[in-house]
Amino acid sequence: MVWVVLLSLLCYLVLFLCRHSAHRGVFLSITILIYLLMGEMHMVDTVTWHKMRGAQMIVAMKAVSLGFDLDRGELPAVPSPVEFMGYIYFVGTAIFGPWSHFHSYLQAVESRALSLPWLRKVSRSLVLAIVCLLVSTCVAPYLFSYFIPLYGYRQLRKWLRAYESAISFHFSSYFVGFLSEATATLAGAGFTEEKDNLKWDLTVSRPLNVELPRSMVEVVTSWNLPMSSWLNSYVFKNSLQLGTFSAVIVTYAASALLHGLSFHLAAVLLSLGFITYVEHVLRKRLSVIFDACLLSKRCPPGCPHRHNTNLWVRLLNLLFGALAVFHLAYLGSLFDIDTDDTVEEQGYSMSYTMYKWSELSWASHWVTFGCWVFYRLIG
């Protein structure tokens, strides 16, 4: 915990020293980058560092967002030390998250009256968290051996096992997401106010959009909505001057760094960057060629495309959805449910990552490369 406190103190020191600068967000980002790299490589042993990675991620995201919000004029002045530390260590989000704006924190500390909708939201989030934990530990590992017995040749069994590992990992993440919804709502955060109508509507993840996706773009945005919003606002948009592809890679690299310098996580996130970019440009090109709703994101009602609900359009979108599930199983194979806990705490090595993906013949990467070649050919 002392390292998390040290990071927060360092962030406020930089914020105070750069209080007259127009680039506070950049200075904070560089400071946090150096601190995290030093922590990963020199200051603390790997197991201890990984145990506090989640809390450090929240501190880093809050500090960076505060710096850029000040640069953009969305906040009138640098918060006092008490306000800053209150925001960083807000009881509802300090451990499990999610990230929230400084304005949301100020609204939460003003407090709202307890109500039945508030209680329903907390209860629903807690029940869903428990359900996701049960699925992750008691259902997903045995999905194709007990619940849906499927048998086949050796390569098919590898893919079924990869899908089980992916589902187990997904639902463990949903567990944390729903638990963070509950803790944030219990602390009085996570509501929207329209006139006199107060809605407790904090949403961290949308599991159905991940397990039954339209596209990989929908997967990465629905996985963790607050973090997706943070990456889009403070990393992607600030990197767009480098070009769209470069901005995508910088965004996923930032996400990998926040999650810790683990080779398998970095490999998954950077692979996601390439997959989502290729899928996005390919579907955008196809939507122009066929004048159809084939984009990665669902078209809004009344879109100008000629073909909206035709059977062939739905089949193509279904095909891309099945391809997304294929990518998820491949990427999720790294989070093997049979791996020893001590290995998981220390982080998977490069050789482990290469071994797991070579077992599946690097299929997802080859398919992505094929999609990119196809996109270039029809350009």
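Cut-offs and rules
- Sequence order as written defines the numbering, with residues in each chain counted from 1.
- Note on the predicted model: pLDDT of at least 70 is required for a residue's local features to be given, and 80 or more for side-chain atom pairs to be given and counted; whole-chain, interface and lining totals, by contrast, use all residues.
- Processing note: side-chain calculations cover all non-hydrogen atoms of the structure and skip hydrogens and water entirely.
- Only runs of H or I of at least four residues qualify as helices and only runs of E of at least two qualify as strands under DSSP, and these elements are numbered from the N terminus.
- Only C-alpha atoms enter the radius of gyration, while the globule expectation follows 2.2 Å times N to the 0.38, with N the number of residues.
- Here the term buried applies to any residue with accessible area under 20% of the maximum for its type, exposed to any over 50%, and partly exposed to those in between, with areas from a 1.4 Å probe on protein chains only.
- In what follows, a contact means two residues having at least one pair of non-hydrogen atoms within 4.5 Å.
- We treat Lys and Arg as the positive residues and Asp and Glu as the negative residues; His and chain ends play no part in the count.
- Just so you know, the charge point we use is NZ for Lys, CZ for Arg, CG for Asp and CD for Glu.
- Note on terminology: a nonpolar core comprises buried Ala, Val, Leu, Ile, Met, Phe, Trp, Tyr and Cys residues joined through side-chain atoms within 4.5 Å.
- Side-chain rings of Phe, Tyr and Trp (the six-membered ring for Trp) are treated as a pair once their centres are within 6.5 Å; stacked means planes under 30 degrees apart, edge-to-face means over 60, and tilted covers the remaining angles.
- A ring is considered to have a charge above it if a Lys NZ or an Arg CZ atom is located within 6 Å of its centre and within 35 degrees of its normal.
- A 1.4 Å probe that fits but cannot get out identifies a cavity on a 1 Å grid over protein atoms alone, an open set with protein on both sides within 12 Å along at least five of seven lines counts as a pocket, and a residue lines either if it has an atom within 4 Å of a point.
- Grid points are joined across faces, edges and corners, and a volume is the space filled by probe spheres set on the points.
- Throughout this entry, Asp, Glu, Lys and Arg are counted as charged residues, while Ala, Val, Leu, Ile, Met, Phe, Trp, Tyr, Cys and Pro are counted as nonpolar. The remaining residues, Gly among them, count as polar.
- Here the term patch refers to residues with relative accessible area over 30% and no salt bridge, with like charges joined within 9 Å and nonpolar side chains (Val, Leu, Ile, Met, Phe, Trp, Tyr) within 5 Å.
- With residues, only the protein chains shown are counted as cover, and all accessible areas are computed by Shrake-Rupley using a 1.4 Å probe.
- Only one rule defines a salt bridge in this text: a Lys or Arg side-chain nitrogen within 4 Å of an Asp or Glu carboxyl oxygen.
- Expected helix span is computed as 1.5 Å times (number of residues minus one).

A. Layout of the overall build of the chain. For the chain, the helix and strand inventory stands at 18 helices and two strands. Relative to the compact-globule value of 21 Å for 379 residues, the chain shows a C-alpha radius of gyration of 22 Å, a close match. By principal-axis analysis of the C-alpha atoms, the chain measures approximately 60 × 55 × 45 Å. For the chain, the proportion of its 379 residues judged to be buried stands at 47%. Sequence separation of at least 24 residues holds for 67% of the intrachain contacts in the chain that already meet a minimum separation of 6. Charged side chains in the chain number 28 positive and 24 negative. The centres of these two groups are separated by 9 Å.

B. Structural view of the environment of aspartate 69. If you trace the backbone, aspartate 69 turns up in helix α4 (residues 53–71). With a relative accessible area of 3%, aspartate 69 lands in the buried category. With sequence-adjacent residues up to four places away left out, aspartate 69 is seen in contact with Glu74, Leu75, His101 and Tyr234.

C. Highlighting the environment of glycine 97. Structurally, glycine 97 is set in the loop between α5 (81–88) and α6 (102–110). When the C-alpha positions of glycine 97 and glycine 302 are compared, they lie 37 Å apart, and in sequence the two are 205 residues distant. With residues up to four places along the chain from it excluded, the contact list for glycine 97 reads Ile58, Gly92, Ser180 and Thr183.

D. Broad picture of the nonpolar core. Core analysis: the largest hydrophobic core is formed by 43 residues, its most contacted members being Ile32, Trp230 and Leu258. Those elements that provide at least two residues to this core are α1 (2–17), α2 (24–43), α4, α5, α6, α12 (225–239) and α13 (244–258). In terms of residue count, α4 provides more of this core than any other element does, 10 residues in total. Counting 33 residues, the second-largest nonpolar core is a separate cluster that includes Leu269, Leu328, Leu334 and Trp357.

E. Region of the structure containing the packing of aromatic side chains. Summed over all chains, the structure comprises 23 aromatic pairs. Ring centres of tryptophan 99 and tyrosine 234 lie 6.0 Å apart, and the angle between their planes is 80 degrees; this geometry places the pair in the edge-to-face category. One end of the pair, tryptophan 99, is in the loop between α5 and α6; the other, tyrosine 234, is in helix α12, and 135 residues separate them in sequence. Relative accessible area serves as the criterion here: at 7%, tryptophan 99 is assigned to the buried category. For tyrosine 234, a relative accessible area of 4% gives the class buried. Between tryptophan 357 and tryptophan 362 the ring centres are 6.1 Å apart and the planes differ by 65 degrees, which places this aromatic pair in the edge-to-face class. One aromatic cluster in this structure is built from Trp159, Phe326, Tyr330, Trp357 and Trp362. Over the ring of tyrosine 87 we find lysine 62; its NZ or CZ atom is 5.3 Å from the centre of that ring.

F. Region of interest: the layout of surface pockets. Looking at the second largest pocket, its volume works out to about 520 Å³. Elements supplying a minimum of two residues to the lining of the second largest pocket: α2, α4, α12 and α13. With six residues, the top contributor of residues to the lining of the second largest pocket is α2. Per-class residue counts for the lining of the second largest pocket are 17 nonpolar, four polar and no charged.

G. Structural detail: a nonpolar patch on the surface. Taken together, the side chains of Tyr142, Tyr146, Phe147, Ile148 and Leu150 define a hydrophobic patch exposed on the protein surface, amounting to about 550 Å² of accessible area. You can see isoleucine 148 is positioned in the loop between α8 (143–147) and α9 (154–186).

H. Geometry of α13. The end-to-end C-alpha separation of α13 is 21 Å, in line with the 21 Å expected for 15 residues at 1.5 Å each. Just beyond α13, the residue with positive phi is glycine 260, at close to 105 degrees.

I. Geometry of the pattern of salt bridges. By the definition in use, this model includes eight salt bridges. A salt bridge links lysine 121 to glutamate 181; the nearest nitrogen and oxygen atoms lie 3.1 Å apart. In this pair, lysine 121 is assigned in helix α7 (residues 116–139) and glutamate 181 in helix α9, connecting sequence segments 60 residues apart. Of the residues examined, lysine 121 reaches a relative accessible area of 9% and is grouped as buried. Residue classification places glutamate 181 among the buried residues on the basis of a relative accessible area of 1%. The partner of lysine 356 in a salt bridge is glutamate 359, and the shortest N-O contact between them spans 3.8 Å. Of this pair, lysine 356 and glutamate 359 both sit in helix α17 (residues 350–359), three residues apart, which is roughly one turn of that helix.

J. Spotlight on empty space enclosed by the protein. The tally for this structure, following the rule as stated, stands at three cavities of 30 Å³ or more. When its volume is computed, the largest cavity comes out at roughly 70 Å³. Lining the largest cavity are Met216, Ile275, Val278, Glu279, Leu282, Phe320, Leu323, His327, Thr368 and Cys371. Secondary-structure elements contributing two or more residues to the lining of the largest cavity are α14 (263–290), α15 (311–332) and α18 (363–377). The dominant element in the lining of the largest cavity, judged by the number of residues it contributes, is α14, at four residues. Each pocket or cavity is described by its volume, and for the second largest cavity that value is around 60 Å³. Every residue along the wall of the second largest cavity is listed here: Leu36, Glu40, Trp49, Arg53, Gln56, Met57, Ala60, Leu257, Leu258 and Gly260.

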